[in-house]
Amino acid sequence: MEANVRTRWDISWRDADEWQHAVAMLSSFFRTRTDDAQPLRLAALRVKMLIDAIDSFIQEQTAVVCPWCTDVCCIDRHGAFDLHDLIYAFALDLPLPHYSHDHREIDPCRFLDASGCRLVRWQRPFRCTWHFCDALIKHMHNLPAKKVRGFNAAFQELLAARAEMLTAFEHIVQKRKQQHH
Ligand code: SF4
Ligand code: SF4
């Protein structure tokens, strides 16, 4: 099972076979020999904490910019986990989002309601955190430079932590493969 754990990262629940395969792989990955997955779980926890740390800044900016938006980016395609989001979710024992076929990709995201996204930020697909549209970027250009520098540094730290989490996953996959042979 572990030998097949690599697959495309940009999977979606909309391809049922690929999705179920990935979920089954990760389920097996975290169920068997859980001792060596501990560094991965810790790395995911750090990602969660770093997302939490930048949440209020992003929230502050979207609260100003998004109400004026005429082309809202929260379409259903963007609310879907990819493989990397799944790894993160499994590492934190998060329940997987429930996806039903009653939304088209371009419909408003199923997690969106009148007061915004129903998922707390650290439980959203990661693209929902790293996506900054032109309007948001333009707005940030008018913020105090020190504040933006602080956010940029925190965001770089988050990106690095997420890369470390994915590297930890790859490392365990390789280690298990070697032990298997
Ligand atoms: S982030 Fe940008 S594109 Fe998305 S809703 Fe806000 S203003 Fe619109
Ligand atoms: S931020 Fe929330 S509502 Fe918007 S696309 Fe992401 S999951 Fe959907």
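Quick note: structure is the one above.
Q: Explanation requested: the overall build of the protein chain in the structure shown.
A: Scanning the protein chain from terminus to terminus reveals six helices and two strands. Sequence-ordered secondary structure for the protein chain, helices as α and strands as β, is α-α-α-β-β-α-α-α. The dimensions of the protein chain, computed from C-alpha atoms along their principal axes, are 55 × 40 × 20 Å. Per-residue burial over the protein chain gives 17% buried out of 181 residues.

Q: Where do I start with the site of ligand 1 in this structure?
A: Taken together, Thr62, Val65, Cys66, Cys69, Asp71, Val72, Cys73, Cys133, Ala135 and Leu136 make up all the residues around ligand 1. For the shell around ligand 1, the elements supplying multiple residues, two or more each, are helix H2 (38–65) and helix H5 (134–141). Among the residues forming the shell around ligand 1, the class breakdown is eight nonpolar, one polar and one charged.

Q: How should the nonpolar core be read in this particular structure?
A: Grouped burial of nonpolar side chains is what soluble globular proteins tend to show. Ranked by internal contacts, the top residues of the largest apolar core, which has 24 residues, are Leu40, Ala44, Val47, Ile87 and Met165. Mapped by element, the contributors of at least two residues to this core are helix H1 (16–31), H2, helix H3 (83–91) and helix H6 (145–180). In contact with valine 47, other than residues within four places in its own chain, are Tyr88, Leu158, Ala161, Arg162 and Met165.

Q: Is there a simple way to think about the packing of H1 against H3 in this case?
A: Between two packed helices, the angle of one axis relative to the other and the distance separating the axes together describe the packing. Across the interface, H1 lies against H3 with an axial gap of 10 Å and an inter-helix angle of 35°. In the packing of H1 onto H3, the handedness of the crossing is right-handed. Here H1 contributes Ala22, Val23, Leu26 and Phe30 to the contact with H3, which in turn contributes Leu83, Leu86, Ile87 and Phe90. When its residues are assigned to classes, the contact of H1 with H3 shows eight nonpolar, no polar and no charged.

Q: How should I be thinking about the environment of arginine 46 in this particular structure?
A: Secondary-structure assignment places arginine 46 in helix H2. Residues arginine 46 and methionine 165, spaced 119 residues apart in sequence, show a C-alpha to C-alpha distance of 8.8 Å.

Q: Please explain H3 as it appears in this structure.
A: Residues spaced three or four apart along an α-helix point in a common direction, a consequence of the helix completing one turn every 3.6 residues. Most of H3 sits out of view: seven of its nine residues are buried. Listed in full, the buried residues belonging to H3 are Leu83, Asp85, Leu86, Ile87, Tyr88, Phe90 and Ala91. Of the surrounding elements, those touching the buried residues of H3 are H1, H2 and H6. Just past H3, the residue aspartate 93 takes up positive phi, approximately 55°.

Q: Explain unusual backbone geometry to me, please; I cannot follow it from the model alone.
A: The phi angle of most residues is negative, glycine excepted, and most peptide bonds adopt the trans form. Of note in the backbone geometry, aspartate 93 takes a positive phi value of approximately 55° without being a glycine. Structurally, aspartate 93 can be placed in the loop between H3 and strand E1 (112–113). For aspartate 93, a count of 9 C-beta atoms within 10 Å puts it in the exposed group.

Q: Is there a simple way to think about the packing of H2 against H6 in this case?
A: Where H2 meets H6, the closest approach of the two axes is 9 Å, and the angle between their N-to-C directions is 160°. With respect to their mutual orientation, H2 and H6 come out roughly antiparallel. Read as a crossing pair, H2 and H6 show a hand that is left-handed. Taken together, the residues of H6 that come into contact with H2 (itself represented by Pro39, Leu40, Ala43, Ala44, Arg46, Val47, Leu50, Ile51, Ala53, Ile54 and Phe57) are Phe151, Ala154, Phe155, Glu157, Leu158, Ala161, Arg162, Glu164, Met165, Ala168, Phe169 and Ile172.

Q: Where do I start with the environment of arginine 121 in this structure?
A: Mapped onto the elements of the fold, arginine 121 is located in the loop between strand E2 (116–117) and helix H4 (127–130). Measuring from C-alpha to C-alpha, the distance between arginine 121 and aspartate 55 comes to 6.8 Å, with 66 residues separating the pair along the chain. Apart from the residues lying within four places of it in its own chain, the contact partners of arginine 121 are Ile51, Asp55 and Thr129.

Q: Help me understand the environment of alanine 163, please; the structure alone is not making it clear to me.
A: Mapped onto the elements of the fold, alanine 163 is located in helix H6. In the structure, alanine 163 is positioned 79 residues away from histidine 84 in sequence and 9.9 Å away in space, judged by C-alpha atoms.

Each value, and the rule that gives it
Residues numbered from 1 in each chain as written. Chains lettered and ligands numbered in written order. Predicted model: local features only at pLDDT ≥ 70, side-chain atom pairs only at ≥ 80, totals over all residues. Helix = DSSP H or I, 4+ residues; strand = E, 2+ residues; numbered from the N terminus. Buried ≥ 20, exposed ≤ 12 C-beta atoms within 10 Å, placed from the backbone. Near = placed C-beta within 6 Å. Nonpolar A, V, L, I, M, F, W, Y, C, P; charged D, E, K, R; others polar. Core = buried A, V, L, I, M, F, W, Y, C linked by C-beta atoms within 7 Å. Contact = placed C-beta atoms within 7 Å. Axes fitted to C-alpha atoms, helices over the stretch in contact; angles between N-to-C directions. Left-handed = near helix turned anticlockwise from the far one by under 90°. Parallel < 35°, antiparallel > 145°, perpendicular 65-115°, else oblique.

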